[in-house]
Amino acid sequence: MATTSLDLAKVRNIGIMAHIDAGKTTTTERILYYTGLSYKIGEVHDGAATTDWMEQERERGITITSAAVTCHWSLNDVQNTINIIDTPGHVDFTVEVERSLRVLDGAVTVFDGVAGVEPQSETVWRQANRYGVPRICFVNKLDRTGADFFRCVDMIVERLNAQPLVMQLPIGAEAGFKGVVDLVRMKALVWSEDTKLGEMYDTVDIPEDLQAQAEEWRAKLVEGVAENDEEIMELYLEGTEPTEEQLYAAIRRVTLASTGTDASTVTPVFCGTAFKNKGVQPLLDAVVRYLPSPLDVEAIEGQAVRNPDEVIKRKPSEEEPLAALAFKIASDPHLGKLTFIRIYSGVLTAGAQVQNSVKEKKERIGKIYRMHANKREEIERVGAGDIVAVMGLKQTTTGETLCDPANPVILESMDFPAPVIEVA
Ligand code: GDP
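Residues numbered from 1 in each chain as written. Predicted model: local features only at pLDDT ≥ 70, side-chain atom pairs only at ≥ 80, totals over all residues. Heavy atoms only, no water.

Focus: the sheet that holds strand β10 (residues 202–204)
On the basis of which strands lie adjacent, the open sheet formed by four strands has the order β7-β8-β9-β10 and antiparallel pairing. Edge strands, defined here as strands with exactly one partner in the open sheet, are β7 (168–171) and β10. Here the strands of the sheet are splayed against their neighbours by 25° on average, with no regard to which way each runs. Contacts from helix α6 (residues 208–228) reach β7 and β8 (179–182), with the element oriented near 160° to β7. (Pairing = 2+ DSSP bridges. Helix = DSSP H or I, 4+ residues; strand = E, 2+ residues; numbered from the N terminus. Axes fitted to C-alpha atoms, helices over the stretch in contact; angles between N-to-C directions. Contact = heavy atoms within 4.5 Å.)

If you want it as structure tokens, here you go:
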């Protein structure tokens, strides 16, 4: 059984948000597929069609619809853990939506490349703004007739009042869409015509007919970053081109800093077609590169039991007392009742007695599971920053805090969520 602590800097707790039909499910499926491949390094893969793969995984009890699913993605030979939290696709500010936004640290917003920004894209965008969730964008379905990446980018400006950092340019359009220009590396990533799942793309020189456009957009990208980042601004004023590493780091800083609720959100924008398996691997790289780790949130604020005015802060550290939030209760066909929790501080071990600070009752933790796409992994111990499912909780409902009995805290106030006044 796994007992090692996670290196929090290598954890990403993310949600995928979209207007219905934009491709959230397909993108999630592809993410689980590609991450599954990267995790099972050494196994032989037959390049099965995705649909077959999904069928097989379903038979084995795939947990794509799970409240949280864990996968792993290697970037530059460093393995990262990505927990994908299901964000319900409701159109309004429900407690459930808000709660899922609260337990994630970053998000991917998926757009339909034909429809662009749609009404529910605006809704989820505002919800993410309200919770200060840093996010990256994926303009999907570029293979469809009528798809227009740049129109979607314009809509992100006009309808979402955001500042997109265009990170890629599409190569080819509609049925001829075959790859992207990576504007940081100034390289073309090209998928073969009949891309099978699991195949990487070829990294080649930018096609000649796109060279001028790529240079123009690269300049815009550097300018956009410079406007929001002093280090790049200094280089820009000196007329020095930033290195790849400098740009990666600056785009991360800018994305993470852009969590103000009223400020226009700076957001890196990527593109592809999840359905045709183009663009998802660079998107995963971007999740790791640009979205926050639990360590990027300095501390979560809770309140003292029976004294809502006393603020208690908990840092994302195993050294702190346990504080975890139950965010979803699910019924698993094999295991029965599962409570999904996010640990904010401290350590939780199987069999431990914890305090439900809202009900002021003790609870015994049963088994702890990490849910993967195709299996459940039982773990003995889980630390700050992580998301898992636990068995055995009898009284805890969603929104309640589980904590160290000697150091109680309430993470989600009883009057949550605060009323929202929507301005049309
Ligand atoms: P969700 O409602 O956002 O979860 O959207 P789905 O992932 O279920 O996708 C909605 C429909 O669009 C499905 O029929 C998908 O097969 C299709 N779809 C998803 N991604 C793409 C894409 O990149 N290209 C095309 N042509 N269709 C896609």
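Here we look at the site of the ligand
As a matter of local geometry, the ligand sits amid 15 residues, with D21, T25, T26, D143 and T273 nearest to it. Backbone polar atom of A274 to an oxygen atom of the ligand: 3.3 Å apart, as the coordinates give it. For the ligand, whose free accessible area comes to 580 Å², the fraction covered by protein is 72%. In terms of residue count, helix α1 (residues 24–39) provides more of the shell around the ligand than any other element does, three residues in total. Looking at side-chain class alone, the shell around the ligand contains four nonpolar, six polar and five charged residues. (Near = heavy atom within 4 Å. Polar contact = N/O pair within 3.5 Å; in protein donor to acceptor, adjacent residues only side chain to side chain. Areas by Shrake-Rupley, 256 points an atom, 1.4 Å probe, with all protein chains shown as cover. Nonpolar A, V, L, I, M, F, W, Y, C, P; charged D, E, K, R; others polar.)

Notes on helix α7 (residues 230–238)
Sitting at the amino-terminal end of α7 is D229, which places a side-chain oxygen 3.3 Å from the backbone nitrogen of E231. G239 occupies a position one or two residues after α7 and carries a positive phi of about 80°.

Here's the deal with the nonpolar core
Counting 76 residues, the largest nonpolar core has I82, I84, V108, I136, V225, I251 and Y290 as the members making the most contacts within it. Residues within four places of I136 in sequence aside, it is in contact with A107, V108, T109, T267, P268, F270, L283, A286, V287, Y290 and L291. If you look at the next biggest cluster of nonpolar residues, it comprises 29 residues, including A67, L104, A304 and A389. (Core = buried A, V, L, I, M, F, W, Y, C linked by side-chain atoms within 4.5 Å. Buried < 20%, exposed > 50% of the residue type's maximum accessible area, 1.4 Å probe, protein only.)

Looking at the pattern of salt bridges
Counted according to the given criterion, the structure contains 22 salt bridges. Residues R99 and E412 are paired through a salt bridge, measuring 2.7 Å at the closest nitrogen-oxygen approach. You can see R99 sitting in helix α3 (residues 95–103) and its partner E412 sitting in the segment after β23 (401–403), a full 313 residues away along the chain. The two residues R99 and E412 agree in class, both being buried. With a closest N to O distance of 2.9 Å, D296 and R252 form a salt bridge. Placement of D296 in the loop between α9 (280–290) and β12 (300–304) and of R252 in helix α8 (residues 244–257) is noted, with a sequence separation of 44 residues between them. Salt bridges sharing partners connect three or more residues here, namely D112, K141 and R144. (Salt bridge = Lys/Arg side-chain N within 4 Å of Asp/Glu carboxyl O.)

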